[in-house]
Amino acid sequence: MLMNIKFILFIACIMMFYACQTAQIKGIGTVDELSKAREQENKRIRESEEYKIREWEEYMGLLRDQDLSHNTILRLTEEYLQAKDIVYKKDMEEYDRRTALYQKGQLKELPKEPVQDYSTLISRFKPIAKNYRYGKGADAILYITAFALYEHGKRDEAAKIFEEMLKTYPYSDYFLEVSFRLGEFYFETGQMGEALEAYKKAINFRDSLLYEKALYKIGWIYYKIDDFEKSAQSFVSVLDSKWSQDGKQDGLTEEAVTSTVMALSHFKGAKQSIDFLTSQGTKKMYLPAVMVQLGDKLTEETRFDDTLLVYKTLEEWFPENSELPVIYDKIANLYDKMSKENDAIATDWLAIHKFNPGTAWYKKNYYKSNYFKAVDALLSKKMISISKKYHVRGKKEAKPEYLEKAIDGYWVFLSSYPAMPEAKNINLLLAEALFDAGKYAEAAEEYKKAANLYPAGAERGDIAFSALLTYEVIFYQSEKGDKEIIKPAELLVAGYESDLIKNGKFENSINKIADMYTQIGDYDKARSSIKLLAKVKDPTLVSLKTAELYLKENNLAAAEDLYARLNEKQSTPATKDALANIRYSIAEEHVKEERFKDAVTKFNQVFSTFPGSKVGEAALVKLGYLYLQKKEIDSVEDIAIRFVKAYPESGKTLPLMVEAGRGIEREEPVRAAGLYEKASTLTRDHVTSTKLALAAALLYEANKDYQKAEPLYKKYLERESIPLNDEADVRLRLGTVQFRTGKKKEGLESLNMVLALEGKVNETIIGKARLLMLEVKESVYLGTKLTQSFEETFQKKTSLLDGLLKDYSQVIKYKVLELQPEVYFKMGTALENFKETMIQSERPSGMSKEELEEYSFLLEERAYPYEEQSVKAFEKGLLAGVRNRINNDWVDKCFKKLASIRPAVYKRDTGEKGPEPLFLRIEPVRLEKGL
Amino acid sequence: MKVRVKAYIILILCAGCAGPEVKPSIEGTSSQEKVGISDAATKERMTKLFDEGLRIMDDNPKGALALFNEILMVVPDRWEIYYNSGLSYLRLNEYEKAEERFKKALKNNAPPVKAYNAIGSVYLASGNMIKAVETIKKSLDIEESQTAMINIAGAYQALGQNDMAVKYYRKAGLADPSNRVIHNNLGVLLYNMGNYKGALEEFNKALDKKGDDDARLLMYEAQSVLKTGDYEGAVNTFKRMLAVVPDNPSPFLNMGIIYEIYLMDMEKAVENFEAYIKKGGPKAKEVEAWLEIARNKGKSKEGG
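First, a word on what this report is: a plain description of the structure on this page.

Parameters at a glance
- Residues numbered from 1 in each chain as written.
- Chains lettered and ligands numbered in written order.
- Predicted model: local features only at pLDDT ≥ 70, side-chain atom pairs only at ≥ 80, totals over all residues.
- Heavy atoms only, no water.
- Helix = DSSP H or I, 4+ residues; strand = E, 2+ residues; numbered from the N terminus.
- Areas by Shrake-Rupley, 256 points an atom, 1.4 Å probe, with all protein chains shown as cover.
- Buried < 20%, exposed > 50% of the residue type's maximum accessible area, 1.4 Å probe, protein only.
- Contact = heavy atoms within 4.5 Å.
- Salt bridge = Lys/Arg side-chain N within 4 Å of Asp/Glu carboxyl O.
- Buried area = accessible area lost by both parts, 1.4 Å probe.
- Polar contact = N/O pair within 3.5 Å; in protein donor to acceptor, adjacent residues only side chain to side chain.
- Nonpolar A, V, L, I, M, F, W, Y, C, P; charged D, E, K, R; others polar.
- Patch = residues over 30% accessible without salt bridge, like charges linked within 9 Å, V, L, I, M, F, W, Y side chains within 5 Å.
- Lys, Arg positive; Asp, Glu negative; His and termini not counted.
- Charge placed at Lys NZ, Arg CZ, Asp CG, Glu CD.

### Topic: the overall build of chain B
Reasoning step 1: What chain B contains, in helices and strands, is 17 helices and 0 strands.
Reasoning step 2: Surface summary for chain B: the accessible area is close to 14,600 Å², and the carbon and sulfur share equals 53%.

### Description of the overall build of chain A
Reasoning step 1: Within chain A one finds 44 helices and 0 strands.
Reasoning step 2: Taking all 931 residues of chain A together, the buried fraction comes to 49%.
Reasoning step 3: Within chain A, contacts between residues at least 6 apart in sequence are counted, and of these 58% link residues at least 24 apart.

### So, the pattern of salt bridges
Side chains carrying opposite charge are able to pair once their charged atoms draw close together.
Reasoning step 1: Summed over the entire model, instances satisfying the criterion amount to 95 salt bridges over all chains.
Reasoning step 2: Put simply, arginine 170 of chain B and glutamate 667 of chain A hold a salt bridge, and the shortest N to O gap is 3.4 Å. Of this pair, arginine 170 of chain B sits in helix 10 (residues 162-175) while glutamate 667 of chain A sits in the loop between helix 33 (653-664) and helix 34 (669-681), placing the two residues on different chains.
Reasoning step 3: In the salt-bridge network here, residues are joined through shared partners; they are Asp634, Glu637, Arg666, Glu667, Glu668, Arg671 and Lys678 of chain A together with Arg170, Glu201, Glu202 and Lys205 of chain B.

### A closer look at the interface of chain B and chain A
Interfaces are often sized by the amount of accessible area the parts lose when they come together.
Reasoning step 1: The interface is formed by 86 residues belonging to chain B together with 49 residues belonging to chain A.
Reasoning step 2: Summed over both partners, the interface of chain B with chain A buries about 5,700 Å², with 59% contributed by carbon and sulfur atoms.
Reasoning step 3: Put simply, arginine 908 of chain A and glutamate 260 of chain B hold a salt bridge, and the shortest N to O gap is 2.6 Å.
Reasoning step 4: Counting the contacts that link chain B with chain A gives 21 residue pairs in polar contact (both at pLDDT 80 or more).
Reasoning step 5: Of all the elements, helix 11 (residues 180-193) of chain B adds the most residues to the side of chain B that touches chain A, at 9 residues.
Reasoning step 6: Of the residues assigned to the side of chain B that touches chain A, the class counts are 43 nonpolar, 22 polar and 21 charged.

### With respect to the environment of lysine 893 of chain A
Reasoning step 1: Take lysine 893 of chain A: it is sitting in helix 43 (residues 889-901).
Reasoning step 2: With 15 residues separating them in the primary sequence, lysine 893 of chain A and leucine 878 of chain A have C-alpha atoms 8.7 Å apart.

### A few points about a negative patch on the surface
Reasoning step 1: Taken together, Glu850, Glu851, Glu853 and Glu854 of chain A make up a surface patch of like negative charges.
Reasoning step 2: Looking at where glutamate 850 of chain A falls in the secondary structure, it is placed in helix 42 (residues 849-883).

### What to know about unusual backbone geometry
Residue and element names in this part refer to chain A.
Reasoning step 1: In this structure, serine 721 is a non-glycine residue whose phi angle is positive, near 45°.
Reasoning step 2: Relative to the helices and strands, serine 721 is located in the loop between helix 36 (706-717) and helix 37 (724-740).
Reasoning step 3: Serine 721 gets classed as exposed once you look at its relative accessible area, which sits at 71%.
Reasoning step 4: Positive phi outside glycine occurs at lysine 815, with the angle close to 55°.
Reasoning step 5: Tracing the chain through its elements places lysine 815 in the loop between helix 40 (790-813) and helix 41 (820-839).

Purely geometric stuff here, so don't read any function into it on its own.
Below is the structure:
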């Protein structure tokens, strides 16, 4: 009987707990063979339990007629209640399943929720309870009755029975449950005072299952009457009693935590809450849970400062608590909400250092593997995000301290979570941070490590290339270029060759290796590196690169050889140009070293390599100037001809020709004139062309090459807007050369054009023109002989002489000093001629010897004054020269005439020869060897 | 000893002008067997004769020739002896013999450059410029020595082929820009072309380097200055010439003429003619007549 009662009590308690819980909706099972089997099993169980229910009903049906045993009633009622419960559960399961089907649209009608029906029990037990009040088991029957009424919804009636039971049966085994039930009733009906009283009775039974529940309810009563401290205290008492050491808390405990938090949240401030909790003892195991939830609650209420205090106190009390990473995360988020970004970052920073797998904290807590998956996820995420933040800031703000933190953060991640999928990316970021921080050696190593974590392919190639770039930086930062750096760089490229080929950076990598070797002057190694390019590049291009290295090495000979071979294989403008340029450089070297012949050969080779090119043009120019330097004018002219043929539009021959002309003008004026003449045809600039033509003409004229001078003077005169004096001068010269070449008519025309400018141009020019024109008269005069009849011809010649002398006097009046010796000479010549003509004149016929002698004597006497005048004229010519410091041919001629006519006075011969060239004497030799 | 050393030094210096030496042929060795200089005494004597010939050559080419001929009696196949004896004939103006000896030297393995230069010199001295050019060209084909280039230029100049002369003077000038002879000869070339200013430039360049023939160069310079109409300048140049060769009467003669004819300063003309006569100039008799005329001119000038 006692066993039965206890069992019934146990069942009742279970059922009451069930009543406090909300019904849980179970998940719907799948419709398959397994669920069919389950269905069948359920059906079997149901039928079995329904049988028990029917059995009880049948037995209790007998109550009307028989006096039934109370033990049997209680025993059967136990089974009945059990069966009712099971069937109810099955009904609830079915209900849930059908509801799910309805929600899917597979059922038309919403199923009805099953209701536990105790009406039969109530109807059977009520009379029993009424009549059986004092016997054994009477309190059980009364309790069951009240329980059934309560569950059936007749709570008032049930409450009355419960109250009665407390009074009637104060020592009943049901006292605790009844007190609790009453407490529940009062609580639900808002009768807090009564509820409190009832619950307090329940808490006298510390060992009871309902003890904590009662405390919990008391906590809520205090909460509802705003006595939050007592409320918190009650809840905390529940925790003190029920808190499980293994960390697995039941529902009530969990709710007690929540409730404690709710109560504490109503304290004035977090400090008060902390003080309260402190008073409970800071080593209580539930405190972390409470404080975490309290923090969350305060956060919801935006009481951030309070939250921070709670979290920090939590850490202070429980430095080893496994929730701390989450707490730190929450703190960091709080700081973010408070716009305290730096504090947030600092918090995360602390978190990753305090709680990472390397820490004692982690080692202590890691056994909580499921939870720690979340912690690892959280920490790893933090490590990544915080490190990246520092990395970005460090780069952006150029602050090394941030970069150091980023590096540290990446290290922490890698040492903590080397197996995580993010590890390879973080390794790469670490390498980049090291690079950004200028720690290149470490960066290179990390790039390599990172590369090893990636599968073969372009991405790995990119990382390998970054490593190479790092080596490159190290190399160029070292003072003289460190050969030791190149080796690992080379190995790197070799090791990741296929990856670098895939990402298209192989060529660049090889070039960098080659450049480094070039930098330290190891061209052989540089060339060896370049050879590897054949794997990705056309061998021709590789040869080109090799040739470029020879150039850098200043090994022009080798570069030339290579380019020549390349050119032979595949002659393109580019190869020709390169080869020509190398040859040009070699030629310049020869020039520098004064190897003239070699330089000439090479410059010629440059031109023949790429005729028509700019470098070919430059080579010809150089050749021209080389020859000019050596005064090999013939060769200069040859070059000019070649130049004009190859580069008809180029104006570069012109200065060459002009300079060549200037260089030889003194010793070879006619040849210089030829060069100027040629140069004048090489330019389209009319002004320059005519200038050169004039320069040539002047030289031709000075050297009596009048035929060549004439057309050039004419060319000059074709120019537009010539200054008047220049025009007159050139026309005078044109007239002169025309006279000298026998073109008298044209000459006179030219000279008349000059005379037409009298008064507008220099008198010298006019004077010269007049003098020149007088040559015609002079010629006529000189040609006039004195024949019979003497008087007639004499008069004619006299008239011509007078006219000529008058004209010469006119010229003298121009006061052109340089003309005076010539004019006086001509005057003297005319006078001398008159004298000679007289003496040589035809003698009249029929004269005797004596008469002829007499005639001749008289002629001489008459002629002598003319000689005297001619001498005076010559003397004037000589004097004019001396006075005006002119010693031209005319002065010389005057002198020679005077020496001839008046030898005693003027013939002065020193007997000395003029300047003569010297020859070098050859010298004797010594014996080459002994006799 | 000192004299001999000096001679050696001069010879060494001259050897540089003579061009590169050719190594002696093997035949030289066998010649000893042929001629029979077996004894050291004869060897020594011949060598001494040779050295003596070198020493006296400049002042006594005849004596030197005799010595070389003597050596040739004993040693008939050494080119050096033929060469030096040819040189002696040349200094004695015996051109045919000189040519013959130089040709023998060539046959006896004289360096062709030297031999051709020497033969060329014979033609130069004898005035056969065309042959001189032909021969010196052969030397130049082997080696472009300074001597050969200057001599062939001079030959061309004498032939009136100024362009060829200039070409070789330029080439020679490139190797030795301050060479006196080149400047002298270019000056002469320009003088003959009527480019007296250019001639002056060259004579001045030659004079920049002091030498034994400064007086000659000053004469040329003075002549060039005169041609430009700078009579006072010409007088000053003759005075500079006097400073170099104070006993030379020629400057006085030239100054006298300039004063008399051009500057019409009879007093100075008389002074210089007198100085010339005093110095014993070769035309003293003729100058005496000029002196008289100058005095008369001076008197008539004074008289108005």
